[in-house]
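# Inside the fold
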Amino acid sequence: MSDTSVIYVLNGPNLNLLGVREPEIYGRDTLADIEQRCVTAAGDARIVFRQTNHEGVLVDWIQEARESAQALIINPAAYGHTSVALHDALKTLSIPVIELHLSNPAAREAFRHHSYVSSAATGVIAGFGAAGYELAVQAALTKVRERA
Ligand code: DQA
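Reading the values: rules and limits
Residues numbered from 1 in each chain as written. Predicted model: local features only at pLDDT ≥ 70, side-chain atom pairs only at ≥ 80, totals over all residues. Heavy atoms only, no water. UniProt positions renumbered as here; feature names shortened; annotations may be inferred. Helix = DSSP H or I, 4+ residues; strand = E, 2+ residues; numbered from the N terminus. Rg over C-alpha atoms; globule rule 2.2 N^0.38 Å. Buried < 20%, exposed > 50% of the residue type's maximum accessible area, 1.4 Å probe, protein only. Contact = heavy atoms within 4.5 Å. Areas by Shrake-Rupley, 256 points an atom, 1.4 Å probe, with all protein chains shown as cover. Lys, Arg positive; Asp, Glu negative; His and termini not counted. Charge placed at Lys NZ, Arg CZ, Asp CG, Glu CD. Expected span 1.5 Å × (residues − 1). Polar contact = N/O pair within 3.5 Å; in protein donor to acceptor, adjacent residues only side chain to side chain. Phe/Tyr/Trp six-rings, centres within 6.5 Å; stacked < 30°, edge-to-face > 60°.

Looking at an unreviewed UniProt entry, one finds the protein named 3-dehydroquinate dehydratase, with Brevundimonas mediterranea as its source organism. According to UniProt, the comment filed for the protein under the heading Subunit (unreviewed entry) is "Homododecamer." Here the protein is described in UniProt, under the heading Sequence similarities (unreviewed entry), as follows: "Belongs to the type-II 3-dehydroquinase family."

Below, the structure is given as structure tokens:
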């Protein structure tokens, strides 16, 4: 049976620069490479993959996902450490939410140790580089199937 699930994969500020931005931390894959990895990992499920540098746009997309998605993956980037608005928007969702980071913020500077997103997420994947996106898609599909 084919999977008609829709998974939103939202990416926050500066992730458009992946591949050239601090590659020793974030790796050499571009965001387009990562999108392709997600599409492949999703199989028959549909990936809606987006990036923005603007906090309010992320809020708008999270609200859109309430109606349009069966699961949401978010790399909030720096907004994870600062944004009550993202926390509040994510709390309105009743679908699985996976917080994702390429690096492991807990092993980095102290200002990265707190996330406003974690307490609104079903689970967190961090520290596995671009492969973390594939893990997140697998986790999202597992959660969706558990709920079906
Ligand atoms: C990041 C980690 C954040 O601390 C940082 O601000 C980012 C990227 C990651 O994917 O490792 O921009 O979310």
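This part takes up the overall build of the protein. Secondary structure assignment for the protein yields 5 helices and 5 strands. Whereas a compact globule of 148 residues would reach a radius of gyration of roughly 15 Å, the protein reaches 14 Å, a difference of no more than 12%. Each principal axis of the C-alpha distribution contributes one length, and for the protein these read about 45 × 30 × 25 Å. Buried residues in the protein amount to 49% of all 148 residues. For the protein, restricting intrachain contacts to residue pairs at least 6 apart in sequence, the fraction spanning at least 24 positions comes to 77%. Per element, the accessible surface of the protein, about 7200 Å² overall, is 50% carbon and sulfur. Positive and negative side-chain charges in the protein, numbering 12 and 16 respectively, have mean positions lying 3 Å apart.

End to end, helix α5 (residues 131–147) covers 25 Å across 17 residues, agreeing with the expected 24 Å (1.5 Å per residue, within 8%). Buried within α5 we find G132, Y133, A136, V137, A140, L141 and V144. Packing partners of the buried residues in α5 comprise β1 (6–11), α2 (31–42), β2 (46–51), β3 (71–75), β4 (97–101) and β5 (123–126).

So, about the side chain of R112. Along the chain, R112 turns up in the loop between β4 and β5. Reaching out from R112, the side chain makes a polar contact with the side chain of E109 at a distance of 2.7 Å.

Enumeration according to the criterion identifies 1 aromatic pair in this entry. Aromatic pair F49 and Y133: ring centres 6.4 Å apart, planes at 40°, arrangement tilted. With a gap of 84 residues between them, F49 in strand β2 and Y133 in helix α5 connect regions that are remote in the sequence. Of the residues examined, Y133 reaches a relative accessible area of 1% and is grouped as buried.

Here the focus is the UniProt feature "active site" (unreviewed entry) in the protein. UniProt tags Y26 and H101 as "active site" (unreviewed entry). Spatially, the listed residues are clustered: although they cover 76 residues, their C-alpha atoms lie within 9.3 Å of one another. Tracing the backbone through its elements, the reader meets Y26 in helix α1 (residues 23–26). Residue classification places Y26 among the buried residues on the basis of a relative accessible area of 9%. If you trace the backbone, H101 turns up in strand β4.

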